[in-house]
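Descriptive analysis of the structure
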Amino acid sequence: AGYLFGKNSEETAMKMTTPVLTSNAGMDVDDASSIGDTKEMSFVLPSSYWAEDGTARAPQPLDGSGVRLQRDEGGTRATLMFGGFANKAEVKERKAQLLALLEGDTDYVISDEAKITLS
């Protein structure tokens, strides 16, 4: 979040946007013991940086900050809203709930490569 609050090459503060996406590299939500050490948090930059050249025009992260700019080409996503802190058991339960809802919806096909991300 420091990047958004001005800890960047231009010392430019940006508004916090939603969603904030979090994932855990190496995490298998069906196996709570598989939680890895690498957590990834993604912020959506303000719409002024959504153009094709947005990551080049955006203030660059400071060296050593651990921040990298990456363009996401978007796509169709299924979401399930819930509040509070999501521990391992909650993630597993919410994944099962979302997948069950999708299984019953003929408009969606679940990809085997689908990535589970909390937002």
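Right, let's walk through the structure included here.

Cut-offs used in this document
Residues numbered from 1 in each chain as written. Predicted model: local features only at pLDDT ≥ 70, side-chain atom pairs only at ≥ 80, totals over all residues. Heavy atoms only, no water. Salt bridge = Lys/Arg side-chain N within 4 Å of Asp/Glu carboxyl O. Helix = DSSP H or I, 4+ residues; strand = E, 2+ residues; numbered from the N terminus. Buried < 20%, exposed > 50% of the residue type's maximum accessible area, 1.4 Å probe, protein only.

Two side chains of opposite charge can pair, provided their charged atoms sit close to one another. All chains considered together, the criterion is met by four salt bridges. Between Arg 71 and Glu 52 there is a salt bridge whose closest N-O contact spans 3.9 Å. Here the residue Arg 71 occupies a position in the loop between helix H1 (54–57) and helix H2 (88–103), and Glu 52 occupies one in the loop between strand S2 (39–43) and H1, the gap between them amounting to 19 residues. A relative accessible area of 32% places Arg 71 in the partly exposed class. Judged by its relative accessible area of 63%, Glu 52 falls in the exposed class. For Arg 57, the salt bridge is made with Asp 53, and the minimal N-O distance between the two is 3.1 Å. Residue classification places Arg 57 among the partly exposed residues on the basis of a relative accessible area of 40%.

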